[in-house]
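One letter stands for each residue in the lines below.
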Amino acid sequence: MNHMLDPRTLSMPPPSDFSLADLRTVALQDEALPERRRALMASAINTVGRALRRPLETIPAAPVRLRPLLDPVTPAMARLTAGSWSNVRSLLAAALARVTPGFLPQRFDLAPSPAWQALLDRVRPDRDALFLLGRFGRWATQLGIEPEAVDDAVLERYREDLVHRSLTSEPAKILRKTIHVWNGALTGSEEGEAAPLTLPTGKVRHSLAWDAYPPSLLEEIERWLDRLGRDPFADRDFRALRPASIRSRHKYLALYLGALVAAGQDPAAMTSLAAAVTVENARAALRIIYARQGERRTQHIAGIAGVALMIARHWLAMPHQDCEVLRRLARNLRPDHEGLAPRNEARLAQINEPRRLDMVLALPNTLAGRVRRAGPPTVTLAQTFQTAVTIELFLMTGLRIANVAELEIGSTLVLRERGGIDILIPRESVKNRTTFTADLPPVSARLLREYLKVYRPLLGDAASPWLFPGARPGTHKSTSALRDQVTKAMAGVAGVAWHPHLFRHLLAHLELSENPGADALVTRALGHKRADTTRAHYSGFQTKAAIRQHDELVLRRRAAMQAGRKGRR
């Protein structure tokens, strides 16, 4: 929709369907600005559209809706330098400020009031603290609010402006940091000068603390977990679950019970699993979770329904009719799409562009090269080299992140005498209970040996057996820490929004794109027990490759026909 707004007479925010296309039109027609400034704003808006790979008409201009689209974009994704991308965002914010009353500028021109300046002097020379408190102080000065008048209501007003009238990244995080700085600056203040602010509670918890439930229920849950696999002597007629699977079931049960409480159940009345897991209770709990998820069917809610079914069938031995109701409920809540989840499909589509794919495949060498050229090794450089090694392992092996994090030198990572490196992971440590073996190619082995010799000693206990040592002696690096390193490098250097599990999908994509009949190879490489699993996940890759091969056949036949006609002339 085309919205014609005059920034000079604007007193209300633009309508909710105001798009970047509308913003560009308004910027170009804003006669209060020099023509050059208008052109720069329009160009910046165009650049944002290209970076988001969406038409401007489909991109909302409201900061609260635009921010989630913009924040994941790195300069590499936009194919710009960091400075150029910063300029683009600054110009976009300036254009938004022309149509949004009360829009927070990137930088305030006015000086803080004397009272605010005195408070700022207390946090010197901490630059981060000066920036956070300085912006808050200048915002308050602009509104005539002095430090002694700041309370939680003022803070809420500042939060509203950050969220709805700025393009500030991660406003909730900025707000929490600002509160920490404010409260720290007040240390030693006289009573009545200014009041500490309340930190937001953070994430909403949908499960209660376990001690909110009766001891009898907790004791029964412990026995149930033992039977799932914790106790090797438990009487069970099924294969013991892996520790990670048991933890997952425990978490799902906590969410189920929390949803029951949200539905009006008294936790004190849940004296046993039989009291908590009934058909009626399952419906009530799952309706709460379904509503929280925006009435979407997901693997998450299907997993919770599956735990209720598991308890009903294998622990409580409920009547067959009730178990069938719970089974149908779990099936109906499961997403109906086959193959990759839509979000993973979208992320994998980023490497359909050959240049992006090349950047991903070359990323370990790119990172390692930057580190070598940067000079003598430091902890920061060693962490970057560690990221290069991690991505190389994902690319070459298709391993899951837990197995990569737990690679142990001399046990699951074997250094051979002539420079080779083998990976040997026993079946009990692999999700699909299939032994994993691989010998790394020489180029990968050389990268790992360089890491072990030059950079790993800077990253923790040199005597640690783990390939990736953790912060605490004797531990390996957590999967979340490795995931953060990889995700940031993929976005910042290769220019793609990526998480480690996508490397497994990439393996299938590369193999099946070259050979649509390579089901068996991909099944073995990914450790799937059945080829059906591979086909269910990756049939789209095979279809695309098969159609491409068919197209090539048709084009070859056309070319042969044309050549035949020319030969008869």
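None of these values were measured; they are calculated from a predicted model.

Here is what the cut-offs are and how they apply
- Residues numbered from 1 in each chain as written.
- Predicted model: local features only at pLDDT ≥ 70, side-chain atom pairs only at ≥ 80, totals over all residues.
- Heavy atoms only, no water.
- Helix = DSSP H or I, 4+ residues; strand = E, 2+ residues; numbered from the N terminus.
- Buried < 20%, exposed > 50% of the residue type's maximum accessible area, 1.4 Å probe, protein only.
- Lys, Arg positive; Asp, Glu negative; His and termini not counted.
- Charge placed at Lys NZ, Arg CZ, Asp CG, Glu CD.
- Contact = heavy atoms within 4.5 Å.
- 1 Å grid on protein atoms, 1.4 Å probe; cavity = no way out; pocket = protein on both sides within 12 Å on 5 of 7 lines; lining within 4 Å.
- Points joined across faces, edges and corners; volume = space filled by probe spheres on them.
- Nonpolar A, V, L, I, M, F, W, Y, C, P; charged D, E, K, R; others polar.
- Phe/Tyr/Trp six-rings, centres within 6.5 Å; stacked < 30°, edge-to-face > 60°.
- Pairing = 2+ DSSP bridges.
- Axes fitted to C-alpha atoms, helices over the stretch in contact; angles between N-to-C directions.

A. Structural context of the overall build of the protein chain. Each helix and strand counted, the protein chain has 25 helices and three strands in total. Projected onto its principal axes, the C-alpha coordinates of the protein chain cover approximately 90 × 75 × 55 Å. Residues counted as buried form 43% of the 569 residues belonging to the protein chain. Positive and negative side-chain charges of the protein chain, numbering 81 and 57 respectively, have mean locations separated by a distance of 9 Å.

B. View of the side chain of Ser444. By the secondary structure assignment, Ser444 is in helix α21 (residues 442–455). The exposure class of Ser444 is buried, given its relative accessible area of 1%. Each residue touching Ser444, except ones within four places of it in the same chain, is listed here: Glu392 and Met396.

C. Broad picture of the side chain of Gln350. Note that Gln350 resides in the loop between α16 (342–348) and α17 (354–361). With relative accessibility at 12%, the residue Gln350 sits in the buried group. Ignoring any residue separated from it by four or fewer positions in sequence, one finds Gln350 in contact with Arg53, Arg356, Val496, Ala497 and Trp498.

D. Structural detail: empty space enclosed by the protein. Under the definition given, this model contains one cavity of 30 Å³ or more. Of the pockets and cavities examined, the largest cavity occupies roughly 40 Å³. As for the largest cavity, its lining consists of 10 residues, of which Val26, Ala27, Asp30, Ala95 and Arg98 are closest to the centre. Looking at the lining of the largest cavity, the elements with two or more residues in it are α1 (20–28) and α5 (82–99). Among the residues forming the lining of the largest cavity, the class breakdown is eight nonpolar, no polar and two charged.

E. View of the packing of aromatic side chains. Counted under the stated rule, the structure contains 11 aromatic pairs. Taking 5.6 Å as the distance between ring centres and 50° as the angle between the ring planes, the aromatic pair formed by Trp116 and Trp182 counts as tilted. Placement of the pair is Trp116 in helix α6 (residues 114–121) and Trp182 in helix α9 (residues 171–185), with a sequence separation of 66 residues. Grouping residues by exposure puts Trp116 and Trp182 together as buried. Seen from their ring centres, Phe136 and Tyr158 are 4.8 Å apart, and the 40° between their planes marks the pair as tilted. Of this pair, Phe136 sits in helix α7 (residues 127–142) while Tyr158 sits in helix α8 (residues 152–164); the two residues are 22 residues apart in sequence, bridging distant segments of the chain. Residue Phe136 is classed as buried on the basis of its relative accessible area, which comes to 0%.

F. Examining the sheet that holds strand β1 (residues 413–415) more closely. In spatial order, the strands read β1-β2-β3; together these three strands make up an open sheet with antiparallel pairing. Looking at strand neighbours, the two that pair on one side only are β1 and β3 (436–439), the edges of this open sheet. Neighbour-to-neighbour, the strand axes of this sheet turn through a mean angle of 15°, independent of strand direction. Bridge count between strand β2 (residues 421–425) and β3: four bridges; the pairing is antiparallel. Residue pairing in the sheet places Asp422 in a bridge with Asp439 of β3.

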